[in-house]
Amino acid sequence: MSERLTDGLERVAAWMRKGRRSSRAHRTGMPASAGGRRGGPLLGLSGVCKRYFVGPVETEVLKDVDLEVHAGDLLSIMGSSGSGKSTLLNIMGLLDRPTEGSVRVAGQDVSAMDDDALSDARNLHIGFVFQAFRLLPRMSAWENVALPLAYRGVGGDDARRRAEEMLEKVAMSDRARYRPDQLSGGQQQRVAIARALVSSPAILLADEPTGALDPDTGHEIVRLFRELNDVDGVAVVIITHDRGVARQCARNARLVDGGVAEHAAGGAPAAVAASR
Ligand SMILES: Nc1ncnc2c1ncn2[C@@H]1O[C@H](COP(=O)(O)OP(=O)(O)OP(=O)(O)O)[C@@H](O)[C@H]1O
Ligand SMILES: [Mg+2]
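The following paragraphs examine the structure supplied in this document.

Rules used in this analysis
Residues numbered from 1 in each chain as written. Chains lettered and ligands numbered in written order. Predicted model: local features only at pLDDT ≥ 70, side-chain atom pairs only at ≥ 80, totals over all residues. Pairing = 2+ DSSP bridges. Helix = DSSP H or I, 4+ residues; strand = E, 2+ residues; numbered from the N terminus. Contact = placed C-beta atoms within 7 Å. Axes fitted to C-alpha atoms, helices over the stretch in contact; angles between N-to-C directions. Buried ≥ 20, exposed ≤ 12 C-beta atoms within 10 Å, placed from the backbone. Parallel < 35°, antiparallel > 145°, perpendicular 65-115°, else oblique. Left-handed = near helix turned anticlockwise from the far one by under 90°. Nonpolar A, V, L, I, M, F, W, Y, C, P; charged D, E, K, R; others polar. Core = buried A, V, L, I, M, F, W, Y, C linked by C-beta atoms within 7 Å.

1. Side note on the sheet that holds strand S1 (residues 43-54)
Across the sheet, which stays open at both edges, the four strands sit in the order S2-S1-S4-S5 with antiparallel pairing between neighbours. Sheet topology places strand S2 (57-69) and strand S5 (108-109) at the edges, where each strand pairs with a single neighbour. When S1 meets strand S4 (residues 100-105), the two strands line up antiparallel, connected through five bridges. Within S4, the residue paired with Leu-45 across the bridge is Val-103. Sitting on the sheet, helix H2 (residues 85-92) touches S1, S2 and S4, and the angle it makes with S1 is about 125°.

2. A few points about the environment of Ser-119
When you line up the elements, Ser-119 lands in helix H3 (residues 115-125). On the neighbour-count criterion, Ser-119 (17 C-beta atoms within 10 Å) is partly exposed. A sequence separation of 24 residues divides Ser-119 from Leu-95, and the C-alpha atoms of the two residues are 8.1 Å apart.

3. Concerning the pairing of S1
Bridge count for S1 against S2 is nine bridges, and the pairing is antiparallel. Bridge pairing in S2 links Phe-53 to Glu-58. Taking the residues between adjacent antiparallel strands as the criterion, S1 and S2 are bridged by two residues, where Gly-55 takes a positive phi near 60°.

4. Concerning the sheet that holds strand S8 (residues 235-239)
Taken in spatial order, the six strands make up an open sheet running S6-S7-S8-S3-S9-S10, and their pairing is mixed. Here the strands that pair on one side only, and so sit at the sheet edges, are strand S6 (126-129) and strand S10 (259-264). Sheet twist, expressed as the average angle between the axes of neighbouring strands with direction ignored, equals 20°. Across four bridges, strand S3 (residues 74-78) lies against S8 in parallel orientation. In the strand pairing of S8, Ile-77 is matched with Ile-239.

5. Let's talk about the packing of helix H4 (residues 141-151) against helix H6 (residues 185-197)
The geometry of a pair of packed helices is captured by two quantities: the angle between their axes and the separation between those axes. Relative to each other, H4 and H6 sit at 30°, their axes nearing to 7 Å. Here H4 is positioned roughly parallel relative to H6, judged by the angle of their axes. Crossing of H4 against H6: the hand is right-handed. When H4 is examined against H6, the residues Ala-141, Asn-144, Val-145, Leu-147 and Pro-148 are found in contact with a partner set consisting of Val-191, Ala-194 and Arg-195. The residue inventory of the contact of H4 with H6, partitioned by class, reads six nonpolar, one polar and one charged.

6. Some words on H2
Burial analysis of H2 places six of its eight residues in the buried class, which makes it a mostly covered element. For H2, the full list of buried residues reads Lys-85, Thr-87, Leu-88, Leu-89, Ile-91 and Met-92. Downstream of H2 by a residue or two, Leu-94 has a phi angle that is positive, lying close to 60°.

7. Focus: the nonpolar core
Counting residues in each nonpolar core, the largest one holds 74 residues, and the members touching the most others are Val-145, Ala-194 and Leu-204. Here this core gets seven residues from one element, more than from any other, and that element is H4. Look past the residues within four positions of Ala-194 in its chain and what remains in contact with it is Val-145, Met-166, Leu-167, Lys-169, Val-170 and Met-172.

Shown next as structure tokens:
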């Protein structure tokens, strides 16, 4: 790496090269393969509410949401701007906590976990793709992809090999040494998807993954999600404003008035907000 890194990144990068084992890895003790269609949902939200206070004003964004994601699911979630889609996905991705209600991952209620254990559970089970990519600017593509492995205690040649395999999967092998500012938007999103997949999560959550991309590049990204779902069996949840993206998903849901209304793919929303 040619540029000087900030303290934190420098530590992570040095650590990745050394390939030491982390004592934090797998602290939750949850098997990565737990859950799924036979053993219950991979991810389950039950009675989830989220309220924000800004000064004296309270906003209830999510109201009593029940939602399950099973192995093999390809689920789209639509909703108008400000309806709470990112709030919902952040709670599903263990990036935020509900005000009320419970979240189960691989059969385990994560409500009582502290932040470190929550991060470990996320690292073990969930890949998250952000609308704005959120790649670390001073790291190369492969180093960005290898980051989740560092948190799992995998570094050195092993991490590099696995990162490069993931980059190959998203057709980015030839850009492994490029930094994010040397990549196009679609290429950065591919790297972000490789990063989300490198630790073989059972669930991939994507918050408007095509929002910042032109239509053709967006279609390519959706094709990639479908392939991951179809071929690799990853459960995929996509937040989108694009009906074309939603049409390609087997399950469609809409966030309305704080509730999740699910409807048959291509059909009209059911009147009752609920899970399956
Ligand atoms: N940290 C916060 N504090 C207070 N209110 C918040 C906070 N985060 C989100 N909100 C409010 O929650 C509501 C839902 O926001 P959210 O980002 O989930 O919407 P969204 O459906 O993802 O919208 P978009 O399609 O524009 O991305 C908004 O009204 C927003 O103002
Ligand atoms: Mg959003």
